[in-house]
Amino acid sequence: MTIVGVRIDGRLIHGQVANLWSTKLQISRIMVVDDEVAENAIEKSGLKLATPPGVKLSVLPVAKAAENILAGKYDSQRLFIVARRPDRFLKLVELGVPLETINVGNMSQTPETRSITRSINVVDEDVEVFNKLHEKGVKITAQMVPNDPVEDFMKLLK
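Residues numbered from 1 in each chain as written. Predicted model: local features only at pLDDT ≥ 70, side-chain atom pairs only at ≥ 80, totals over all residues. Heavy atoms only, no water.

- If you look the protein chain up in an unreviewed UniProt entry, it shows as Putative phosphotransferase system sugar-specific EIIB component from Streptococcus massiliensis.
- Taken from UniProt, the Subcellular location (unreviewed entry) comment for the protein chain reads in full: "Cytoplasm". (UniProt positions renumbered as here; feature names shortened; annotations may be inferred.)

1. Observations regarding the pattern of salt bridges
1) Next: Taken as a whole and judged by the stated rule, the model has nine salt bridges.
2) Next: Two residues, Asp34 and Arg88, come together in a salt bridge whose shortest N-O distance is 2.8 Å. Of this pair, Asp34 sits in the loop between β2 (29-33) and α2 (35-38) while Arg88 sits in helix α5 (residues 86-94), and the two are 54 residues apart along the sequence.
3) Next: Since its relative accessible area comes to 1%, Asp34 is described here as buried.
4) Next: Accessibility expressed as a relative area gives 13% for Arg88, which makes it buried.
5) Next: For Asp126, the salt bridge identified is with Arg85, shortest N-O distance 2.6 Å. Of this pair, Asp126 sits in helix α6 (residues 124-135) while Arg85 is found in the loop between β4 (79-83) and α5, placing the two residues 41 residues apart along the sequence.
6) Next: Here Arg85 falls in the partly exposed class, since its relative accessible area comes to 29%.
7) Next: Residues joined in a network through salt bridges with shared partners are Asp34, Glu36, Asp87 and Arg88. (Salt bridge = Lys/Arg side-chain N within 4 Å of Asp/Glu carboxyl O. Helix = DSSP H or I, 4+ residues; strand = E, 2+ residues; numbered from the N terminus. Buried < 20%, exposed > 50% of the residue type's maximum accessible area, 1.4 Å probe, protein only.)

2. A few points about α6
Side chains of residues three or four places apart in an α-helix project in the same direction, reflecting 3.6 residues per turn.
1) Next: Given a rise of 1.5 Å per residue, 12 residues ought to cover 16 Å, and the 17 Å separating the end C-alpha atoms of α6 matches this to within 8%.
2) Next: Just past α6, the residue Gly137 takes up positive phi, approximately 90°. (Expected span 1.5 Å × (residues − 1).)

3. Brief notes about the side chain of Ser58
1) Next: Position of Ser58 among the secondary structure elements: in strand β3 (residues 56-60).
2) Next: Classification of Ser58 as buried rests on a relative accessible area of 8%.
3) Next: Setting aside its immediate chain neighbours within four residues, Ser58 contacts Arg29, Ile30, Met31, Val32 and Tyr74. (Contact = heavy atoms within 4.5 Å.)

As structure tokens, then:
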């Protein structure tokens, strides 16, 4: 299985993912994991437009994403998985998908969130999910772009 990157980013596919991360990690497929987005034709067409040329795109609900990954459907590809919130990744891990590291990129500010870094804002539920992922042995880092230093996200949460 060749999962080359796992990222939380509220914007899903945009300049940083489409250009910087795709190039740095030599991604051949971006997988957006989100039950709601998978059902939204307009959002999916926007994601297709944002996907770099030569990179395949899958927009899947969590259960289908886990099923496809575990069945080896992407074993010959360099897979980059992106989701808006950490709960999608907790569900993947609970369904048996081995995720070693999750990079927290951008979680937008809302009236309900509190700021962890300039670009990462969380609600209490997110913190609980990050703690559960950490307890399951998943390393959680913060790094906006490939040239930024990698930070231990769990230390930032404290």
